[in-house]
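Coordinate analysis (summary)
Given next are the chains, with one letter for each unit.
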Amino acid sequence: MASGDYYAVLGVARTATGDEIQRSYRKLARAWHPDVNKAPEAESKFKSISEAYDTLSDPDSRARYDAFGEDFRKVPDDVDPAQWARAQNARQHGGGPQAAGPFVDFGAQGDSASFEDLFGDVFRQRQSGPRPGPDQEVEVELSVRDAYTGGKHKISLTGSSGSRNYTVTIPAGVTNGQRIRLAGQGAPGRNGGAPGDLYLVAQLRPDPKFKVDGRNLIVDLPVAPWEAILGATVAVDTP
């Protein structure tokens, strides 16, 4: 999970456009990619940047994040954002029914509106009703050629419900650390709830010939001294 506010992680305003978010992500991803940046915190920083971008680049997940903050994955789909905001405000400031609005009537006692008071019934209903399955994440190890060309890849997941095998399509040109979302392929839901999503995280194996720099490949090109001096046309291996 990315630490802090996703907008702060990407260094953009909450009103940023999709293009502004993408430009900031590309700049930060190049600066913090573990293949380029050897600082100890580079890998965790890169993952935080990627997660923030995955959330804010999707209009639906961005809308839920704006409404519910870091709890956006846990909040049931039919919870009203305005009621959620009133509950959060009441919990933080100890407000009574005026702070919570008409959602809950506390009667004449004027007890403070707690999170459990406002949303306890909603979440208790979820215990017996349909509950969506949680998202899952798995690393997929790829060779440079696999990442370059894309194609089918087999993965296995082991959970409380047993092992599951998948054959997934990796897009051509995937980069190290890139997350690929497979909607509805995560853990199964409960009581008829929808399954979660499965996220594949690409991990490129070291290659004896090619060095990876973001989306660029670097390869040593042997040339003879006279070719270097006089110029020449030589063959270069690529994926």
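Residues numbered from 1 in each chain as written. Predicted model: local features only at pLDDT ≥ 70, side-chain atom pairs only at ≥ 80, totals over all residues. Heavy atoms only, no water.

**Things to note about a nonpolar patch on the surface**
On the surface, L221, V223, V234 and V236 cluster together into a nonpolar patch covering about 290 Å² of accessible area. Checked against the element boundaries, V223 lands in the loop between strand 7 (216-219) and helix 9 (225-230). A relative accessible area of 41% means that V223 is categorised as partly exposed. (Patch = residues over 30% accessible without salt bridge, like charges linked within 9 Å, V, L, I, M, F, W, Y side chains within 5 Å. Areas by Shrake-Rupley, 256 points an atom, 1.4 Å probe, with all protein chains shown as cover. Salt bridge = Lys/Arg side-chain N within 4 Å of Asp/Glu carboxyl O. Helix = DSSP H or I, 4+ residues; strand = E, 2+ residues; numbered from the N terminus. Buried < 20%, exposed > 50% of the residue type's maximum accessible area, 1.4 Å probe, protein only.)

**What about unusual backbone geometry?**
With a phi angle near 55°, N191 is a residue other than glycine that sits in the positive phi range. Its place among the elements puts N191 in the loop between strand 4 (179-182) and strand 5 (198-204).

**A look at the packing of helix 3 (residues 42-56) against helix 4 (residues 59-68)**
In a pair of packed helices, the angle between the axes and the distance between the axes together describe the arrangement. Between helix 3 and helix 4, the shortest axis-to-axis distance is 6 Å and the interhelical angle comes to 100°. Between helix 3 and helix 4, the crossing angle belongs to the class labelled roughly perpendicular. Listed contacts from helix 4 to D54, T55 and L56 of helix 3 are S61, R62 and Y65. Considered class by class, the residues forming the contact of helix 3 with helix 4 number two nonpolar, two polar and two charged. (Axes fitted to C-alpha atoms, helices over the stretch in contact; angles between N-to-C directions. Parallel < 35°, antiparallel > 145°, perpendicular 65-115°, else oblique. Contact = heavy atoms within 4.5 Å. Nonpolar A, V, L, I, M, F, W, Y, C, P; charged D, E, K, R; others polar.)

**Re the pairing of strand 6 (residues 210-213)**
Across four bridges, strand 6 lies against strand 7 in antiparallel orientation. Note on strand 7: the bridge partner recorded for K211 is I218. Linking two consecutive strands that pair antiparallel, namely strand 6 and strand 7, is a turn of two residues; a positive phi of about 65° is found at G214 within it. (Pairing = 2+ DSSP bridges.)

**Examining the packing of aromatic side chains**
A complete count under the given rule lists four aromatic pairs for this structure. Each ring, one from Y6 and one from Y65, has its centre 4.6 Å from the other, and the planes form 20°; the classification is stacked. Residue Y6 is located in helix 1 (residues 6-10), and its partner Y65 is located in helix 4; the two are separated by 59 residues in the primary sequence. The pair Y6 / Y65 is uniform in exposure class, with both members buried. Relative to Y65, the ring of Y7 has its centre 6.1 Å away and its plane inclined at 40°; by these criteria the two rings are tilted. Residue Y7 is found in helix 1, and its partner Y65 is found in helix 4; the two are separated by 58 residues along the sequence. Taken as a pair, Y7 and Y65 share a single burial class, namely buried. (Phe/Tyr/Trp six-rings, centres within 6.5 Å; stacked < 30°, edge-to-face > 60°.)

**A short note on the environment of T17**
Mapped onto the secondary structure, T17 falls in the loop between helix 1 and helix 2 (18-32). A relative accessible area of 42% means that T17 is categorised as partly exposed.

**Re the pattern of salt bridges**
A full pass over the atoms with the stated rule returns eight salt bridges. In this structure, R179 engages E137 in a salt bridge whose closest nitrogen and oxygen atoms are separated by 3.1 Å. Taken as a pair, R179 in strand 4 and E137 in strand 1 (residues 136-142) lie far apart in primary sequence, 42 residues in all. In this structure, R181 and D197 form a salt bridge, with 2.9 Å as the shortest nitrogen-oxygen distance. One end of the pair, R181, is in strand 4; the other, D197, is in the loop between strand 4 and strand 5, with 16 residues separating them in the sequence.

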